[in-house]
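# An overview of the molecular structure
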Amino acid sequence: MKKLSLSNLNDLFSAIAEKENLYIPTDNSVGQAAFSLWSDGAVLSEKCNTVRSAKDLFFPQVENLVNFKVTGKQIEVIENRDPAEPFVVFGVRACDLRSFDILDRVFLSEPVDSYYRTRRENALLIGLACSHPSQTCFCTAFGIDAAEPAGDITCWMSDDTLYWRANTEKGATFTDSLAILDDCQDDPVHKLQEDLRDRLGRLPLHDLDLTGFDSDNMIKLFNSEKWDELSQSCLGCGTCTFICPTCQCYDIQEFNTGKEVKRFRCWDSCMYSNFTKMSAGQPRPTQKERFRQRFMHKLVYYPSNNEGIYSCVGCGRCLQKCPVNANIVKVIKTLREELS
Amino acid sequence: MQKRMIAKATELLNNGTVDRVLGWKTGEFFYDLTPAVFDSVSALEAKFVFNSFSGANLSKYLIAESRKPGKIAVFLKPCDSYSFTQLLKEHRILRENVYVIGVQCDGMCDIDKVRNIIGEGLLSVRKDGNHLIAETFDATKTIAKSDVLLERCAVCKSKKIVTYDELIGEQGDVCESDRFDEVARLEAMTPEERFEFWRNELSRCIRCNACRNVCPACSCEKCVFDNDNSGVKNKAAADSFEENMFHIIRAFHVASRCTDCGECSRVCPQHIPLHLLNRKFIKDINELYGPYMAGADLNTKPALMDYTKDDCEPSIVYERNGGAQ
Ligand code: SF4
Ligand code: SF4
Ligand code: SF4
Ligand code: SF4
Ligand code: SF4
């Protein structure tokens, strides 16, 4: 275990940024937290979590895939992906760290998504235990321990000290290269963890019950009459999918500049009317089916294909940001009534 | 208020005036209400709620709801009634299928403002008269409602309920509002400063479309930006400038139909002050064509759909600041 006085936090960031690009959560001009490239003096946000998740640094909203240039009968394929540079993300919460397990199972299984993989390989993730879990947090329901975030390195913060522990080889090598950190005992961290776990246990949604969300109940859940009521006021906006750390759908589009064709990918949302619109037409005709898809995917389809792991991490973003407050907790609670 | 509303809705359902009631239903917490259609008295009694977080404007749902069989009752706050009236004017709602109950409103709250005051780790919120009591693990704070009003409520344009079949509470008047102050501040900037301001604000956009989808003036059955055959479908913009243009185009499209209902700013997850774009249009229309309020009545012609010989010339925008822009 290592430690650092919080008064030297800026020096730590500066030492990291000298080696690699460093992203930390900072408060933006409207007082919300966002991961941003650190520059001298940038202050770590005290918010419980960022509005956009750490996912965006690995699976950006829009990215170039490839360009094509046609001259006569020749088609030239031009690689234009982002340069692969190592980078560090500091301050990732336990929920967002778990989201990488979920995304990896999609993007890193065959056929591997090389754009995502490159960023994953280049990144060093530094987790930060939560200090202020909030009413909308329910990571505990998915067995995530906010007091023990994963990542290459895990950090905890008391009022005056940052504690630092390497978890992976990559993390250990990185730690060794930082002379600014001092050795210390584990005890203070245990105390911080105890306090945090006590708080987590007092959150209103900490014991949200997911029993029955499994492949055995797939058809029953799919056919539930409750979807009408649940989806009734959904605007089909897609906010919930764009801020979600585990939503992973994208569309591939092309743009003709006149000189060349740019092929790019961008986030897509199952909440949209033209989502997965193929030659056969629209598979999900109304908002009810689109809404159902989002939650069935998170709570039933994904776990059915991935050893029971849900593709929600309980970060609470959709609870905070849905314009009409239709969210996954309401879906879980309402459908649970059907199952029992 | 809530009690009287439930009693009224119960009466209307029981005496057969309506078959359904559009209102707000309770959530997990005090503040996460959801617009909902109630079709029975028991559903009303179990879930209907009207509190300081009934901000969601129900008017737009009536485009679809008024086309369903039977009649629906709806509760409209003053600002919602402007949206409703504007939609009537655009023939988007079937008036005969809607029974409007106007409700007096003393302002709705913004939960993010509560979060900003209390600090991280909000655990609960409840109401006590004109105050909200917010709790975290470490603190309990009493917050005056007036300190956490939604932006649109802090500068409420009108307490008047434009269209209704009956009222609960008092009818109000158009308010003296300083809603254009912020626009004036932007107008006073140099073009470069203003450009910077908007580039910064709009740079946070994640194009989630919440602003468009919630907007009562954005009622096209299929938005051109969603339409694969439109030639301008736009799930993602080619660059950040094009992304910025989306908002400017949308503001143009709703100009003279936007009632300044404030929903776009309320729902934006990135707190982009979209109302400032729309208010700039409203202010310009007022100044160039004479005072006009969308949704204030059914008859006045919107400035941009009307022509008179003394209409300003388009070049006025150019000339206004001595041709500097
Ligand atoms: S659930 Fe909420 S955030 Fe998601 S699409 Fe519907 S209205 Fe938008
Ligand atoms: S579904 Fe909601 S709570 Fe779950 S991970 Fe996504 S945004 Fe977070
Ligand atoms: S959901 Fe859990 S890990 Fe995520 S911010 Fe909240 S307490 Fe922390
Ligand atoms: S709601 Fe906000 S983030 Fe979403 S598209 Fe509109 S301006 Fe962008
Ligand atoms: S643009 Fe915004 S303020 Fe104007 S009508 Fe639409 S949602 Fe309301």
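Calculation rules
- Residues numbered from 1 in each chain as written.
- Chains lettered and ligands numbered in written order.
- Predicted model: local features only at pLDDT ≥ 70, side-chain atom pairs only at ≥ 80, totals over all residues.
- Heavy atoms only, no water.
- Helix = DSSP H or I, 4+ residues; strand = E, 2+ residues; numbered from the N terminus.
- Expected span 1.5 Å × (residues − 1).
- Buried < 20%, exposed > 50% of the residue type's maximum accessible area, 1.4 Å probe, protein only.
- Contact = heavy atoms within 4.5 Å.
- Polar contact = N/O pair within 3.5 Å; in protein donor to acceptor, adjacent residues only side chain to side chain.
- Patch = residues over 30% accessible without salt bridge, like charges linked within 9 Å, V, L, I, M, F, W, Y side chains within 5 Å.
- Areas by Shrake-Rupley, 256 points an atom, 1.4 Å probe, with all protein chains shown as cover.
- Salt bridge = Lys/Arg side-chain N within 4 Å of Asp/Glu carboxyl O.
- Near = heavy atom within 4 Å.
- Nonpolar A, V, L, I, M, F, W, Y, C, P; charged D, E, K, R; others polar.
- Domains from an automatic or database assignment.
- Buried area = accessible area lost by both parts, 1.4 Å probe.
- Phe/Tyr/Trp six-rings, centres within 6.5 Å; stacked < 30°, edge-to-face > 60°.
- Lys NZ or Arg CZ within 6 Å of the ring centre and 35° of its normal.
- Core = buried A, V, L, I, M, F, W, Y, C linked by side-chain atoms within 4.5 Å.
- Pairing = 2+ DSSP bridges.
- Axes fitted to C-alpha atoms, helices over the stretch in contact; angles between N-to-C directions.
- Parallel < 35°, antiparallel > 145°, perpendicular 65-115°, else oblique.

Taking 1.5 Å of rise per residue, 12 residues should cover 16 Å, and helix α11 (residues 328–339) of chain A covers 16 Å from first to last C-alpha, within 8% of that figure. α11 of chain A sits mainly inside the fold: 9 of its 12 residues count as buried. All of the buried residues along α11 of chain A are Ile 328, Val 329, Lys 330, Val 331, Ile 332, Thr 334, Leu 335, Arg 336 and Leu 339 of chain A. Contacts made by the buried residues of α11 of chain A are with α6 (218–222), α7 (226–231), α9 (287–305) and α10 (317–321) of chain A together with β2 (34–38) of chain B. Regarding α11 of chain A, its N-cap is Asn 327 of chain A, as a side-chain oxygen of that residue lies 3.0 Å from the backbone nitrogen of Val 329 of chain A further along.

Here we take up a nonpolar patch on the surface. On the surface, Val 70, Ile 75 and Val 77 of chain A cluster together into a nonpolar patch covering about 300 Å² of accessible area. Structurally, Val 70 of chain A is set in strand β4 (residues 62–71).

Lining the immediate environment of ligand 5, one finds Cys 215, Pro 216, Arg 250, Val 254, Cys 258, Thr 259, Asp 260, Cys 261, Gly 262, Glu 263, Cys 264 and Asn 278 of chain B. Of the residues assigned to the shell around ligand 5, the class counts are 6 nonpolar, 3 polar and 3 charged.

Residues and elements named next belong to chain B. Taken domain by domain, chain B holds domain 1 (1–110 + 151–177), domain 2 (113–148) and domain 3 (178–325). Taking only C-alpha atoms, the centre of domain 1 and the centre of domain 2 are 26 Å apart. At the junction of the two partners, domain 1 supplies 10 residues and domain 2 supplies 10 residues. For the pair domain 1 and domain 2, the summed buried area comes to about 840 Å², and 54% of that belongs to carbon and sulfur atoms. Summed over the three residues of domain 1 that lose the most area to domain 2, namely Phe 30, Tyr 31 and Asp 110, the buried surface amounts to 51% of that side. Across the contact surface, domain 1 and domain 2 share 1 salt bridge. Across the pair Asp 106 and Lys 145 runs a salt bridge whose closest N-O atoms are separated by 3.2 Å.

Right, let's talk about the interface of chain A and chain B for a bit. Listed by partner, the interface residues are 54 residues for chain A and 46 residues for chain B. Taking both sides of the interface into account, the surface hidden between chain A and chain B amounts to around 4,100 Å²; carbon and sulfur atoms contribute 48%. Linking chain A to chain B there are 5 salt bridges. In this assembly, chain A and chain B are joined by 25 residue pairs in polar contact (both at pLDDT 80 or more). Looking at the side of chain A that touches chain B, the elements that each hand over two or more residues are α8 (239–243), β11 (250–256), β12 (261–267), α10 and α11 of chain A. Split by residue class, the side of chain A that touches chain B holds 22 nonpolar, 20 polar and 12 charged.

This part covers the packing of aromatic side chains. Residue and element names in this part refer to chain A. Evaluated as defined, the whole model comprises 24 aromatic pairs over all chains. Ring geometry for Phe 58 versus Phe 100: centroids 4.8 Å apart, planes at 70°, classification edge-to-face. A residue pair is termed long-range when its members are at least 10 positions apart, and Phe 58 in the loop between β3 (33–37) and β4 and Phe 100 in helix α2 (residues 94–107) qualify at 42 residues. Consider the rings of Phe 107 and Tyr 116, whose centres lie 4.7 Å apart with planes at 35°: the pair is tilted. Here the two residues Phe 107 and Tyr 116 agree in accessibility, since each one is buried. Grouping aromatic residues by their ring pairs yields a cluster made of Tyr 23, Phe 58, Phe 87 and Phe 100. Across from the ring centre of Trp 267, 5.2 Å away, lies the NZ or CZ of Lys 55, which sits over that ring. It is Arg 265 that lies over the ring of Tyr 250; its NZ or CZ is 4.5 Å from the centre.

Among the nonpolar cores identified, the biggest contains 137 residues, and Phe 138, Phe 213 and Ile 328 of chain A together with Phe 75 of chain B are the most heavily contacted of them. A total of 7 residues in this core trace back to one element, the largest contributor, which is α2 of chain A. Of all hydrophobic cores here, the second largest spans 24 residues; its members include Phe 197, Ala 255, Cys 264 and Cys 268 of chain B.

To continue, consider the sheet that holds β3 of chain A. Residue and element names in this part refer to chain A. Judged by pairing direction, the sheet is mixed, and its 8 strands sit side by side in the order β3-β2-β6-β7-β8-β9-β1-β10 without closing on themselves. In this open sheet, the two edge strands, each paired with only one partner strand, are β3 and β10 (182–183). Of the pairings in the sheet, the one linking strand β6 (residues 87–92) to strand β7 (residues 123–128) comprises 5 bridges and is parallel in character. In the sheet register, Phe 87 faces β7, and the bridge partner there is Ala 123. Contacts from helix α5 (residues 187–201) reach β8 (153–157) and β9 (161–166), with the element oriented near 75° to β8.

As a further point, take the site of ligand 3. Lining the immediate surroundings of ligand 3 are Cys 48, Asn 49, Ala 94, Cys 95, Cys 130, Pro 133, Cys 137, Cys 139, Ala 146, Leu 200, Gly 314 and Cys 315 of chain A. Along the lines of polarity and charge, the residues of the shell around ligand 3 split into 10 nonpolar, 2 polar and no charged.

Consecutive side chains of a regular strand alternate in pointing toward one face of the sheet and then the other. All names here are of chain A. Bridge count between β11 and β12: 7 bridges; the pairing is antiparallel. Its bridge partner being in β12, Asn 256 is matched across the sheet by Val 261. Counted along the chain from β11 to the antiparallel partner β12, the turn is 4 residues long, and its residue Gly 258 has a positive phi close to 100°.

Let us now look at the environment of Ile 72 of chain B. Residue and element names in this part refer to chain B. Along the chain, the position of Ile 72 falls in strand β3 (residues 72–76). According to the relative accessible area criterion, Ile 72 is buried, its value standing at 0%. C-alpha separation for the pair Ile 72 and Glu 135, spaced 63 residues apart in sequence, amounts to 38 Å. Not counting residues within four places of it along the chain, the set of residues in contact with Ile 72 comprises Val 18, Arg 20, Val 21, Leu 22, Val 37, Leu 62, Glu 65, Asn 97, Val 98 and Tyr 99.

Turning our eyes to something else, we now look at the packing of helix α8 (residues 191–202) of chain B against helix α10 (residues 240–254) of chain B. Residue and element names in this part refer to chain B. One way to put it is that α8 packs onto α10 with a least axis distance of 10 Å and a crossing angle of 95°. On the basis of the axis angle, α8 is roughly perpendicular to α10. Here Phe 195, Arg 199 and Leu 202 of α8 come into contact with α10, specifically with Ser 240, Phe 241, Asn 244 and His 247. When the residues that make up the contact of α8 with α10 are grouped by side-chain class, the tally is 3 nonpolar, 3 polar and 1 charged.

Another point: the pattern of salt bridges. All names here are of chain A. Under the definition given, this model contains 46 salt bridges over all chains. In this structure, Asp 198 and Arg 202 form a salt bridge, with 2.9 Å as the shortest nitrogen-oxygen distance. When salt bridges with common partners are traced through the structure, they connect Glu 63, Asp 82, Asp 113, Arg 119 and Arg 265 into a single cluster.

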